[in-house]
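Secondary and tertiary structure notes
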Amino acid sequence: MLFSFKKLASLASLVTMLSAFSADYTAVASPLQARAQCAATLSTAASVANRLQSYWNGSGWGIFWTDANTIEDLYNLMLADGSSTFDVADNTRIGKLALQQDRNAWISALGGSNDDAGWIVSALWKVGDYRVNRGQNSSPYYNSASIVYDLIAAEWDDSVCGGGVWWSSAHTYKNAITNELFLYTSAEAYLRFGDAKYLANAQKTWNWLKNSGMRNSDGLWNDGLTSSCANNGQTTWTYNQGVIASGLAALAKATGDSSLIAQAEITLDAAIRLKTTNNILKETCDSATPTSSCNNDQAMFKGLWMKHLQFYLDNAPDRASKYASFIGAQESAVIHYATGSNWTVGNVWYAPSQGGSLFTAQTQTAGLAAHVSAAKYGPC
C-alpha cells in the first residue's frame, strides 16, 4: 500500500514532539486547565472513522470484542465532536442484544467469554452516555451493561490462585486482561452508580492482581498465570499496560488513594520505556518489513493502550501534562507513518511501512482511538 504523504504535515513536527517527549515526559506540571478538545485532531478522527465505515458496514463483523471496541471508539468520537454521524449501535448485534435487555440472550451470545464481556460493558456505557448527552433513552444500554457485568462477577473464583475472574466459563485460565477489565468496570461502575458492591469488587480485584505475580520485574504485565498460579512469562501486550492504568485511576478517584496513581504509572512508564521504538508504541509482533506477524486482534492493541490512557487521564486529569507530548507523538506517527490512501490506517506506527503493515478493520479502529485520545489530551 502506498502512503499519501502529500496530504500530511511535515515530519519535522513529529521529530519535535519526540525530542520534547524524550526530554520532559517525566516532569509533572500543575493540574491541566479545562480546555476545548482539538478541532483539527477531531476532524482527522472523523476522516478515519468515515473510512472505518467501509469495513464496518453499519452493523459490525460479529467479532464481539472487536465490535465492542469499535462501537466505543465511534461513540467516544461523537461525544467529543458533537456529531451524530456514527450513531450505528442499534443496528449491531451488540446493540440489538442491548435493546432486548435479556439475561439469557446475553449468556447465549457471549458463550462464556469473560474478557469479551468486559469490553462490551465499557462499550454499552459509552452508547448510554451518548444517549444521555442527546436527551435520548439510555436505559437499555445501561441495563444491559449491568446484566453483562453481573455475569462477569459471577465468574470470580477464590478456589484457584486465591481469586480472580476466569478468562472463560471453561475455567482453564486466569489472565491479566480479563481481571484488568473487571477492575476498570467495577471501579467505573461505582463512580457511575454508587453501589458499594462495585467498590468492593474493584478493591478485591486490585488486591488480587497486585499479588498475583503477573506484573514482572520491569513493571509490565504478562499475559496470565500458569496452571500452578505462576506468571506464565507470555507477551507483555500493550493493551494490558493501558487497561490496568484506567482501572487504577478509577479506583483512586473512588477511594482518594493516591498511591494507586503511582502504581498505574509504574506500568505506564514501563510501557513507554520498553514498548516503544523511537518513542512510538511498537507491539512485539509489529514489523515495517517484510510483513507484520500480528494477527488482527494483536494489531488493535496499541489503540486500546491509547484509549485507556485517555480513560486514565479522565479520572486523573492532573497527570495529563506528563503524557501530553507522548500522546501527541503517537497521533503524529499514526498520520505520518501508518496512514495510507483514503485515510486507511495500518498497524505499524513506529516507522514508514515497507510492506509490513496490516490494513484491517482492527488497525483502522486502533488509529481512530489514537486520534480521539490525542484530541483530548495531546497538543493541538
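Not measured: the values here are computed from a predicted model. (Residues numbered from 1 in each chain as written. Predicted model: local features only at pLDDT ≥ 70, side-chain atom pairs only at ≥ 80, totals over all residues. Heavy atoms only, no water.)

Turning our eyes to something else, we now look at the overall build of the protein. The helix and strand tally for the protein stands at 14 helices and two strands. For 380 residues, the compact-globule estimate of 2.2 N^0.38 gives 21 Å, and the C-alpha radius of gyration of the protein, at 19 Å, lies within 12% of that figure. Along the three orthogonal principal directions, the C-alpha set of the protein runs to about 55 × 45 × 45 Å. Here the protein holds 380 residues, and the buried ones make up 61% of them. Once local pairs closer than 6 in sequence are excluded, the contacts in the protein between residues at least 24 apart make up 69%. Split by element, the accessible area of the protein, about 13,800 Å² in all, is 50% carbon and sulfur. One way to put it: in the protein the 25 positive side-chain charges average out to a point 4 Å from where the 29 negative ones average out. (Helix = DSSP H or I, 4+ residues; strand = E, 2+ residues; numbered from the N terminus. Rg over C-alpha atoms; globule rule 2.2 N^0.38 Å. Buried < 20%, exposed > 50% of the residue type's maximum accessible area, 1.4 Å probe, protein only. Contact = heavy atoms within 4.5 Å. Areas by Shrake-Rupley, 256 points an atom, 1.4 Å probe, with all protein chains shown as cover. Lys, Arg positive; Asp, Glu negative; His and termini not counted. Charge placed at Lys NZ, Arg CZ, Asp CG, Glu CD.)

Another point: the packing of aromatic side chains. To describe a pair of aromatic rings, one takes the distance between the centres and the angle between the planes. Per the stated rule, a full pass over the model turns up 18 aromatic pairs. Each ring, one from W156 and one from F182, has its centre 6.4 Å from the other, and the planes form 40°; the classification is tilted. Highlighted residues: W156 in the loop between helix 7 (139-153) and helix 8 (176-193) and F182 in helix 8, separated in sequence by 26 residues. Seen in terms of ring centroids, F193 and Y198 are 6.4 Å apart; in terms of plane orientation they differ by 50°. Their pairing is tilted. Taken together, the aromatic side chains of W125, Y142, Y149, W156, F182, F193, Y198 and W208 make up a single cluster linked through ring pairs. If you follow K282 out to its NZ or CZ, it ends over the ring of Y350, 5.2 Å from the centre. Seen from the ring of W349, K302 lies directly overhead, with NZ or CZ sitting 5.1 Å from the centre. (Phe/Tyr/Trp six-rings, centres within 6.5 Å; stacked < 30°, edge-to-face > 60°. Lys NZ or Arg CZ within 6 Å of the ring centre and 35° of its normal.)

A few words on the nonpolar core. Formed by 116 residues in total, the largest nonpolar core has its most connected members in W106, W119, W206, W305, Y312, W349 and L368. Considering every element that reaches this core, the biggest residue donor is helix 10 (residues 238-255), with ten residues. Each residue touching Y312, except ones within four places of it in the same chain, is listed here: A245, S246, A249, I261, A264, E265, L268, R319 and Y323. (Core = buried A, V, L, I, M, F, W, Y, C linked by side-chain atoms within 4.5 Å.)

Working definition of a disulfide: a covalent bond connecting the sulfur atoms of two cysteines. This model, assessed by the stated rule, comprises three disulfides. Within the protein, bonded cysteines paired by disulfides and numbered along the sequence follow the pattern 1-6, 2-3, 4-5. (Disulfide = S-S within 2.5 Å.)

What follows concerns the pattern of salt bridges. Side chains that carry opposite charge are capable of pairing whenever their charged atoms lie near each other. Within the structure shown, the criterion is met by twelve salt bridges. Note that K197 and D150 form a salt bridge whose closest N and O atoms lie 3.3 Å from each other. Of this pair, K197 sits in helix 9 (residues 196-211) while D150 sits in helix 7, and the two are 47 residues apart along the sequence. Close ionic contact of D314 with K376 constitutes a salt bridge, the shortest N to O distance being 2.9 Å. Of this pair, D314 sits in helix 12 (residues 301-315) while K376 is found in helix 14 (residues 361-377), placing the two residues 62 residues apart along the sequence. Its relative accessible area of 27% is what places D314 among the partly exposed residues. On the accessibility criterion, K376 (27% relative accessible area) is partly exposed. Connected through salt bridges with shared partners, the residues E265, D269, R319 and K322 form a single ionic network. (Salt bridge = Lys/Arg side-chain N within 4 Å of Asp/Glu carboxyl O.)

Within the fold, W305 resides in helix 12. In this structure W305 comes out as buried when scored by relative accessible area, which is 0%. In this structure the C-alpha to C-alpha distance between W305 and L281, which are 24 residues apart in sequence, comes to 9.2 Å.

A separate point is unusual backbone geometry. With an omega of 0°, the peptide bond running from T289 to P290 counts as cis. If you trace the backbone, P290 turns up in the loop between strand 2 (280-281) and helix 12. For C161, which is not glycine, the phi dihedral falls at a positive 60°. For C161, a relative accessible area of 23% translates into the label partly exposed. Of note in this structure, N278 is not a glycine but carries a positive phi near 55°. Take N278: it is sitting in the loop between strand 1 (276-277) and strand 2. Given the relative accessible area of 56%, N278 is considered exposed.

The N-to-C vectors of helix 8 and helix 9 enclose an angle of 150°; their axes lie 8 Å apart at closest approach. One element, helix 8, and the other, helix 9, form an angle in the roughly antiparallel class. Read as a crossing pair, helix 8 and helix 9 show a hand that is left-handed. Facing helix 8, whose interface residues are N179, E180, F182, L183, S186, A187, A189, Y190 and F193, helix 9 presents A196, Y198, L199, N201, A202, T205, W206, W208 and L209. (Axes fitted to C-alpha atoms, helices over the stretch in contact; angles between N-to-C directions. Parallel < 35°, antiparallel > 145°, perpendicular 65-115°, else oblique. Left-handed = near helix turned anticlockwise from the far one by under 90°.)

This paragraph deals with the environment of D115. One can find D115 in helix 6 (residues 114-133). Considering only alpha carbons, one finds D115 and F182, 67 residues apart in sequence, at a separation of 8.6 Å. Leave out the neighbours within four places in its chain, and D115 touches W167, I177, T178 and L181.

Nothing here speaks to function; it is geometry throughout.
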